[in-house]
Amino acid sequence: RPLEGLQREIHTCVSIMSQLNLEAHRMVALPYLLAVAKLRGVDVAEEYMDLEAMVKVASETSNMASRGHAIFAQLELMVIFKDWKRATELLIEAGNLRLYIPGHFVGVRFTAL
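Residues numbered from 1 in each chain as written. Predicted model: local features only at pLDDT ≥ 70, side-chain atom pairs only at ≥ 80, totals over all residues. Heavy atoms only, no water.

When pLDDT is averaged along the protein chain, the result is 85; 89% of the residues meet or exceed 70. Helix H6 (residues 105-109) is the least confidently modelled element of the protein chain, averaging 55 in pLDDT, while helix H5 (residues 84-94) averages 93, the highest of any element. (pLDDT = per-residue confidence, 0-100. Helix = DSSP H or I, 4+ residues; strand = E, 2+ residues; numbered from the N terminus.)

Next comes the structure, spelled out in structure tokens:
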């Protein structure tokens, strides 16, 4: 499936979630929109914060689920680009993400990293 269509679909979902004041759901979808945009080489910095800023804000507001999703999106990109060292460092720094996002398959996938 082309990334352009996927980005458009996630962007639509994020916009609707904003309109409906579903901020918790928006914060789950937003990291994946940023990841797809990064894979496409599209700069969305003027419209959305980057993944690192999202992790920082989520940590400061104790929104551990959003923090986890943003970290998972970062890990996905690091693995796609074979940046094993940074991915390992991020996992160590992040701590046990499964405490905040139990049952999420991504958490299990990165256990062996």
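Having seen the structure, we can now continue with the description.
For the rest of this paragraph, the subject is the layout of surface pockets. Empty pockets left among the atoms are what a rolling probe the size of a water molecule brings to light. Of the volumes computed, that of the largest pocket is approximately 310 Å³. If you trace the largest pocket, you find 18 residues lining it, with Leu-34, Lys-38, Leu-51, Glu-52 and Leu-77 closest to the centre. The residue inventory of the lining of the largest pocket, partitioned by class, reads 11 nonpolar, 1 polar and 6 charged. (1 Å grid on protein atoms, 1.4 Å probe; cavity = no way out; pocket = protein on both sides within 12 Å on 5 of 7 lines; lining within 4 Å. Points joined across faces, edges and corners; volume = space filled by probe spheres on them. Nonpolar A, V, L, I, M, F, W, Y, C, P; charged D, E, K, R; others polar.)

Moving on: a nonpolar patch on the surface. Where nonpolar side chains cluster on the molecular surface, the patch consists of Leu-3, Leu-39, Ile-80 and Phe-81 and spans about 340 Å² of accessible area. Mapped onto the fold, Leu-3 is located in helix H1 (residues 3-19). (Patch = residues over 30% accessible without salt bridge, like charges linked within 9 Å, V, L, I, M, F, W, Y side chains within 5 Å. Areas by Shrake-Rupley, 256 points an atom, 1.4 Å probe, with all protein chains shown as cover. Salt bridge = Lys/Arg side-chain N within 4 Å of Asp/Glu carboxyl O.)

For the rest of this paragraph, the subject is the side chain of Arg-26. Tracing the sequence through the fold places Arg-26 in helix H2 (residues 23-40). Apart from residues no more than four positions distant in its own chain, Arg-26 is found in contact with Val-14, Met-17, Ser-18 and Tyr-48. (Contact = heavy atoms within 4.5 Å.)

This next bit is on the side chain of Ser-66. Structurally, Ser-66 is set in helix H4 (residues 64-80). Assessed through its relative accessible area of 2%, Ser-66 is described here as buried. Of the polar contacts made by the side chain of Ser-66, one reaches the side chain of Asn-63; its length is 3.0 Å. Every residue in contact with Ser-66, bar those within four places of it in the chain, is listed here: Met-27 and Ala-58. (Buried < 20%, exposed > 50% of the residue type's maximum accessible area, 1.4 Å probe, protein only. Polar contact = N/O pair within 3.5 Å; in protein donor to acceptor, adjacent residues only side chain to side chain.)

With a phi angle near 55°, Ser-62 is a residue other than glycine that sits in the positive phi range. Within the element layout of this structure, Ser-62 appears in the loop between helix H3 (51-60) and H4. Although it is not a glycine, Lys-82 adopts a positive phi angle of roughly 55°. Under the relative-accessibility criterion, Lys-82 is labelled exposed at 60%.

Once that is clear, we can look at the environment of Arg-26. For Arg-26, a relative accessible area of 14% translates into the label buried. C-alpha of Arg-26 to C-alpha of Ile-10: the two residues are 16 residues apart in sequence and 9.9 Å apart in space.

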